[in-house]
Structures are given as C-alpha cells and as structure tokens.
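Secondary and tertiary structure notes
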Amino acid sequence: MITRVLLFAAARDACGDWIEVDAPEGVTARELVALLAEQFPALEPLLPHCRLAIGEAYAADHATVPPHSEIALIPPVSGG
Amino acid sequence: MITRVLLFAAARDACGDWIEVDAPEGVTARELVALLAEQFPALEPLLPHCRLAIGEAYAADHATVPPHSEIALIPPVSGG
Amino acid sequence: MIRVSPDPIDLAELHKQAADPSTGAVVVFVGVTRGETGGRLTTRLAYEAYESMAARELESLKHQAAQRWPLTACRLVHRVGDVPVGEASVAVLAASAHRNEAFEAARWLIDTLKESVPIWKQEHYADGSKEWQHPAPVETLERGSP
Amino acid sequence: MIRVSPDPIDLAELHKQAADPSTGAVVVFVGVTRGETGGRLTTRLAYEAYESMAARELESLKHQAAQRWPLTACRLVHRVGDVPVGEASVAVLAASAHRNEAFEAARWLIDTLKESVPIWKQEHYADGSKEWQHPAPVETLERGSP
C-alpha cells in the first residue's frame, strides 16, 4: 500500500510537507520508519530519533499502521 | 523612658493602634516584650509568638531599644 | 517592582517585560481569596500591613533572591484592605534565562514572604464572624478580643 | 483553555479567573524568546506545530494533570509562527486551592509539554543562519539541509 507520511521541521526541510512510502499491508510503525530510511535517504540521520504518529497520537513500535489513518513522522520536539 | 510601640492585627484589636510602655534606658527587645506583658495584660496571650521591630527591621532578642526609634510589635504574620 | 497598596493587582502590568533580552522564563504566583477555608465559608479577607516595614522586607526578599538566582526580573506586589473572593491578594514574578531558576525563585519568594513580611489577614466568614490569622496558637486572645 | 495559535499570547486573558471560589493559588509559567542562546545572538524563534495533534496532546496533558492534582483551572497556550525576542511562545496556568499543588502542576505541565507536544522551534540567528532545535544529535541532517 502507498502510505502518505506528514513531515515537520528538519524532516520537512529535507523532503517537503509529506512523502509517500510503499509499504506492505500490516506493516508496523517501526517497520515503516525503516522503510522511510531506505526510500528517503535524506531523512536517514534524523530517523533514529523520530517517533511515528498514527491518527494524531504517538504509536507504539509494534502498532500496525492502518490503511486510511493520518500518519506523521515526529522528529524530537522542541516546543516551549 | 516612655517608649511608644505600634500594634497590628489582633494586638491592635486588643489595645489600639499604639501603646506607651515605661521602660529603663538600655532595655533589650526581649525585656521590652516582658514589660508589655506586665503593663498590658490583654496582650499577654499573643506576646510569646510576637517579634519586636526596631526602625522597621526585626530586632534580635538582645538588641538594645534605642530612645528615638520606631518600635513595633509584630504578631505572627499571615500575608500572602 | 515592589508594591504594598490597596489597589487591585493588575496582572497585565505585572507581566510587562523589562526590555531584557536574556529573559527566557517567567514564573508568576498569584494568591487569591478562597471562598472556603477549613469548611467555613469566607466572604472576604481583610489585609493589614505595617506598610513601611513590609515594603522594606519585600525589597530585602528581592535582594536575597537576586543573590541566590540569576534573575532578570523580580516583582512583588501585596494588596492590603479588603480582598473579595476570587481576587488577588499577592503576586510574585521571577524571571530568568531558564525555567528552573524562575520556578525555584518564585517558590522561595512566596514561601519567605509568608514567613517574614509584616502583613496580616483577617478572615471574614459568611456567618458574620471574623478572625485574625496568626499562624501560632493565639485562640485565647482571639476569643478575648472584640 | 487549550490553544495553538499564531496570535500573540494575551496574559491578561490567560489570568482571567474561572468563577471558582475554591481557587487560592495560581501559578503561571511563560516561556519567552531569548535574545541569546549559548553565546549566539537570536533575532526570533519560528515555531512549527503539527497543530491538530498538538492540541490533542495539550488536552491530554490537561487531563493527566487534573488526575494528579486537585486543580481548579488548567490552561495551556502555545504560539506558532514567528516569536520575536521578548515575546511569549508558551504559557501554562495551573490553579488550585493551595500553592504546592499549583507549583507542582505548572512545573510538570511545562516539563511534559516540552517532551511530548509536537511543536518545533527554529532559531533564527543574527548572522542570518537558522537551525531547527531537535534535542537529539541531528547535526548531520541539519548540515545537509538547505
């Protein structure tokens, strides 16, 4: 399945507002991040520190990425 | 010497805005409070918890009360 | 800013930044008259101050705080006279480059203010009674006074 | 009140009391853009938020704080977009009957907000350079990005 991933901050500077990644059905959050590293080398240095959000909430590493949810890559936050 | 002592809060309710106490020259802050207890029995229950201020600053127990300073009896404070 | 005054506390004015670009964190504490204390309904607090000494003590707190923490601003305001339920009786502001110092200083300022500044509150209860708050056992005097 | 907005933060509005007579203590934390960080001159911070998720996370913080402390009010506001030196980027308000709970909750709220809410700051330095702040070592990416 083609999954759109929203990007922010340094990730957005590197690859734009969003990217589309090709991932198998039933992929987990951790696996999706690994696929991002393969398909978008510009993101690679940032990815070890990123979390994935599914449906506007932080996802556990082993959570399954559902087909029609909003997915976002969350770099280390620095609000405040 | 006759020393005027400013009163506040419950002490003021008991004896008015100020009192005059007859005290020997060279009296210490602690001795002055003891004289207040003798000369103004209405203050007595409050006095063990009071501090004396000389010239708008807390006085040590053994500080000498000078003749022309502003003296005040400071009951336990409850600002805030 | 150090102030002991019967005027309502203007929190917008309190927050107005000194033009110090090294401020990164501001902590403000505001004490407010509660409508209920220990199960009794309060209608207002009446604050009395030994005003000249209270201002000196507040200046001293500000000076001590500036020695303990690298503050970029420190403001202390206490209202006197009647303070109705829901209104502010005291406000403390501590600003610093970083939040840890601002939090520590604000906490120390209000804790120490409550211990050392010659200001007293009298609770006025809904049942018409009133009582000076002296944080030591002075019930005997309270009962004996008008 | 939960807000993520490009508008300047109105601290007078933030302080406006809920008509809750059980409030005795209010603690406000305000984060302000510093003109200098680690020896480098900053002209402004630019904040970017994943706004919908940020609002949900702020709601979650408010909910968690209300379970940990008996709060009578809890308000969280974060500004996004450009925040010039001396202006507020974030404000947290915690109110309770007593000051200990208000201080603890305010401190926990800002500490946790900084760890969990998807908002990012980009420092804009006086020398014209800019840098996303990601509190993990991402210098490699920073150098590689435009």
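Reference entry: report on the structure contained in this document. Since the structure is predicted, the reported quantities are computational estimates derived from the model, not experimental observations. (Residues numbered from 1 in each chain as written. Chains lettered and ligands numbered in written order. Predicted model: local features only at pLDDT ≥ 70, side-chain atom pairs only at ≥ 80, totals over all residues. Heavy atoms only, no water.)

1. Focus: the overall build of chain C
- Within chain C, the secondary structure is distributed over 4 helices and 9 strands.
- Going from N to C terminus, chain C has its helices and strands arranged as β-α-β-β-β-α-β-β-β-α-β-β-α.
- Seen through its C-alpha atoms, chain C measures out along the principal axes to roughly 55 × 25 × 25 Å.
- When the 146 residues of chain C are sorted by exposure, 54% land in the buried category.
- Counted over contacts in chain C with a minimum sequence separation of 6, partners at least 24 positions apart contribute 73%.
- Carbon and sulfur atoms form 49% of the exposed surface of chain C, whose accessible area is close to 6,100 Å².
- Placing the 16 positive and 20 negative side-chain charges of chain C at their respective mean positions leaves the two points 2 Å apart. (Helix = DSSP H or I, 4+ residues; strand = E, 2+ residues; numbered from the N terminus. Buried < 20%, exposed > 50% of the residue type's maximum accessible area, 1.4 Å probe, protein only. Contact = heavy atoms within 4.5 Å. Areas by Shrake-Rupley, 256 points an atom, 1.4 Å probe, with all protein chains shown as cover. Lys, Arg positive; Asp, Glu negative; His and termini not counted. Charge placed at Lys NZ, Arg CZ, Asp CG, Glu CD.)

2. A word on the packing of aromatic side chains
- According to the stated counting rule, one finds 8 aromatic pairs over all chains in the structure shown.
- Pairing phenylalanine 29 of chain C with phenylalanine 103 of chain D gives two aromatic rings, centres 5.7 Å apart and planes at 5°, and the pair type is stacked. Here phenylalanine 29 of chain C is found in strand 2 (residues 25–32), whereas its partner phenylalanine 103 of chain D is found in helix 3 (residues 99–116) on a different chain.
- Through a chain of ring-to-ring contacts, the aromatic side chains of Phe8 of chain A together with Tyr50 and Trp120 of chain D assemble into a single cluster.
- Above the plane of the ring of tyrosine 58 of chain A lies arginine 51 of chain A, whose end atom (NZ or CZ) is 3.7 Å from the centre.
- Across the ring face of tyrosine 125 of chain C, the terminal group of arginine 40 of chain C is positioned such that the distance to the ring centre comes to 3.7 Å. (Phe/Tyr/Trp six-rings, centres within 6.5 Å; stacked < 30°, edge-to-face > 60°. Lys NZ or Arg CZ within 6 Å of the ring centre and 35° of its normal.)

3. Focus: the relation of the copies chain D and chain C
- Note on the identical chains: chain D maps onto chain C by a rotation of 180° and an axial translation of 0.0 Å, with an RMSD of 0.0 Å. Between the two chains, the operation in question is that of a two-fold axis.
- When you check the interface residues of chain D against chain C, 100% turn up at the interface there too, and the contact is symmetric in its surfaces. (Least-squares fit on C-alpha atoms with pLDDT ≥ 70 in both.)

4. A short note on the pattern of salt bridges
- For the structure shown, the criterion picks out 24 salt bridges over all chains.
- For the salt bridge of arginine 4 of chain A with glutamate 20 of chain A, the shortest nitrogen-to-oxygen distance reads 3.4 Å. Of this pair, arginine 4 of chain A sits in strand 1 (residues 2–6) while glutamate 20 of chain A sits in strand 2 (residues 18–22), placing them 16 residues apart in sequence.
- Here the salt bridges do not stand alone but share partners, grouping Arg12 and Asp17 of chain A together with Glu48 of chain D into one network. (Salt bridge = Lys/Arg side-chain N within 4 Å of Asp/Glu carboxyl O.)

5. Details of the nonpolar core
- Counting 60 residues, the largest nonpolar core has Leu109 of chain C together with Leu109 of chain D as the members making the most contacts within it.
- Other than its neighbours up to four places away in sequence, leucine 109 of chain C contacts Leu61, Ala65, Cys74, Leu76, Val92 and Ala94 of chain C. (Core = buried A, V, L, I, M, F, W, Y, C linked by side-chain atoms within 4.5 Å.)

6. Points about the interface of chain A and chain D
- Between chain A and chain D, the contact holds 25 residues from the first and 32 residues from the second.
- Across the chain A to chain D interface the summed buried area is about 2,400 Å²; carbon plus sulfur atoms make up 60%.
- For the pair chain A and chain D, the interface holds 18 residue pairs in polar contact (both at pLDDT 80 or more).
- Those elements that provide at least two residues to the side of chain A that touches chain D are helix 1 (9–15), strand 4 (57–58) and strand 5 (71–74) of chain A.
- Of the residues that constitute the side of chain A that touches chain D, the class distribution is 16 nonpolar, 5 polar and 4 charged. (Buried area = accessible area lost by both parts, 1.4 Å probe. Polar contact = N/O pair within 3.5 Å; in protein donor to acceptor, adjacent residues only side chain to side chain. Nonpolar A, V, L, I, M, F, W, Y, C, P; charged D, E, K, R; others polar.)

7. Some thoughts on the packing of helix 3 (residues 99–116) of chain C against helix 3 of chain D
- One way to put it is that helix 3 of chain C packs onto helix 3 of chain D with a least axis distance of 12 Å and a crossing angle of 175°. The orientation of helix 3 of chain C with respect to helix 3 of chain D, classified from their angle, is roughly antiparallel. Contacts between helix 3 of chain C and helix 3 of chain D involve Arg99, Asn100, Phe103, Ala106, Arg107, Ile110, Asp111 and Lys114 of chain C from the former and Arg99, Asn100, Phe103, Ala106, Arg107, Ile110, Asp111 and Lys114 of chain D from the latter.
- A breakdown of the residues in the contact of helix 3 of chain C with helix 3 of chain D according to their chemical character gives 6 nonpolar, 2 polar and 8 charged. (Axes fitted to C-alpha atoms, helices over the stretch in contact; angles between N-to-C directions. Parallel < 35°, antiparallel > 145°, perpendicular 65-115°, else oblique.)

8. Quick notes on the sheet that holds strand 1 (residues 2–5) of chain C
- Taken together, the 8 strands give an open sheet; going across it, the order is 1(C)-5(C)-7(C)-2(C)-2(D)-7(D)-5(D)-1(D), and neighbouring strands pair in mixed fashion. Each of the sheet's edge strands pairs with one partner strand only, and the pair in question is strand 1 of chain C together with strand 1 (2–5) of chain D. Between one strand and the next, the sheet's axes are offset by a mean angle of 10°, whatever the strand orientation.
- Here strand 2 of chain C pairs with strand 7 (residues 88–96) of chain C via 8 bridges, running antiparallel. Along strand 7 of chain C, the bridge assignment pairs valine 26 of chain C with alanine 95 of chain C.
- Against the sheet, helix 3 of chain C engages strand 2, strand 5 (71–79) and strand 7 of chain C together with strand 2 (25–32) of chain D, with an angle of about 145° to strand 7 of chain C. (Pairing = 2+ DSSP bridges.)

9. What about the environment of glycine 81 of chain D?
Residues and elements named next belong to chain D.
- Its place among the elements puts glycine 81 in strand 6 (residues 81–84).
- Separated by 74 residues in sequence, glycine 81 and aspartate 7 have C-alpha atoms that sit 8.8 Å apart.
- Excluding residues that lie within four positions of it along the chain, glycine 81 makes contacts with Leu45, Ala46 and Tyr47.

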